[in-house]
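Architecture and fold: a report
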Amino acid sequence: MNQDGPQVQNIILIGFMGCGKSTVGRELKRMLGFSWIDTDSVIEQQAQCSITDIFAREGEEGFRDRETDVLRDLAAQQLRSTIISTGGGAILREENRALLRQLGYVVWLRANAETVYQRTRKNRDRPILQTQNPRAVIADLLQQREPMYRECSHLAIEVSGLNRTEIAVGIIESARYHFASQE
Ligand code: S3P
């Protein structure tokens, strides 16, 4: 990818929990040699505790405020050639959606409710899914959030049936067209 263009050439990964935003982010870093930032990890480093603990101490609203702060900081940094993996709820606030578009080419990794359930069911690190009926919560939240992922993204990729490399190759090809059309 031409790294000398006038545009930022960052790739931003959004999508529901369990869709592979971190895995694909690492793969894009490997293939492109870009930097990679995971906003959940930045939040945990800044808070010096896990996301589960942040939810317990500050509630979801406290976590969302931290998430917005991280996106504002990233947008202020004039990043170039960077992959950013976000948390599944990063699109919930209108301000965040605008910041994500400002940061670069926004790719929505999509999966259906059953795939998300199967990929997340053994994991205890996602406070929102620690409920009696995670299947119902996933279906409900997916329905609420889909319009926001759609509104915020330049590209949507259905991830079911594709491996990390196939997804990354598709993203790189589309991003090339996007950045070239901006030149
Ligand atoms: C959340 C998704 C999580 C994390 C937090 C809240 C959400 O990130 O930000 O637990 O509201 O969907 P992942 O999508 O990386 O699991």
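Heads up: these notes are all about the structure in this document.

Focus on the pattern of salt bridges
Two side chains with opposite charge may pair up if their charged atoms get near one another. On inspection of all chains with the given rule, the structure shows 13 salt bridges. In this structure, Arg97 and Glu151 form a salt bridge, with 3.1 Å as the shortest nitrogen-oxygen distance. Taken as a pair, Arg97 in helix H4 (residues 94-103) and Glu151 in helix H6 (residues 134-152) lie far apart in primary sequence, 54 residues in all.

Considering the site of the ligand
Close contacts around the ligand come from 13 residues, with Lys21, Asp40, Arg64, Arg126 and Arg145 the closest. At 2.8 Å, a side-chain N or O of Asp40 approaches an oxygen atom of the ligand. For the ligand, an oxygen atom lies 2.9 Å from a polar atom in the backbone of Gly88. When the ligand is considered free in solution it has 390 Å² of accessible area, and contact with the protein chains removes 95% of it. With three residues, helix H3 (residues 51-76) is the single largest residue contributor to the shell around the ligand.

Brief notes about the sheet that holds strand S3 (residues 82-85)
The strand order S2-S3-S1-S4-S5 describes an open sheet built from five strands, whose pairing is parallel. This sheet does not close on itself; its edge strands, each paired only once, are strand S2 (35-38) and strand S5 (155-158). Neighbour-to-neighbour, the strand axes of this sheet turn through a mean angle of 20°, independent of strand direction. In this sheet, S5 lies alongside strand S4 (residues 105-110) in parallel orientation, the contact comprising four bridges. Bridge pairing in S5 places Trp108 opposite Ala156.

So, the packing of aromatic side chains
Think of a pair of aromatic rings as described by two things: how far the centres are apart, and how the planes are tilted against each other in angle. With the rule as written, the count across this model stands at three aromatic pairs. Seen in terms of ring centroids, Phe55 and Phe63 are 5.0 Å apart; in terms of plane orientation they differ by 35°. Their pairing is tilted. For Phe55, a relative accessible area of 16% corresponds to the buried category.

Cut-off values and rules
- Residues numbered from 1 in each chain as written.
- Predicted model: local features only at pLDDT ≥ 70, side-chain atom pairs only at ≥ 80, totals over all residues.
- Heavy atoms only, no water.
- Salt bridge = Lys/Arg side-chain N within 4 Å of Asp/Glu carboxyl O.
- Helix = DSSP H or I, 4+ residues; strand = E, 2+ residues; numbered from the N terminus.
- Near = heavy atom within 4 Å.
- Polar contact = N/O pair within 3.5 Å; in protein donor to acceptor, adjacent residues only side chain to side chain.
- Areas by Shrake-Rupley, 256 points an atom, 1.4 Å probe, with all protein chains shown as cover.
- Pairing = 2+ DSSP bridges.
- Axes fitted to C-alpha atoms, helices over the stretch in contact; angles between N-to-C directions.
- Phe/Tyr/Trp six-rings, centres within 6.5 Å; stacked < 30°, edge-to-face > 60°.
- Buried < 20%, exposed > 50% of the residue type's maximum accessible area, 1.4 Å probe, protein only.

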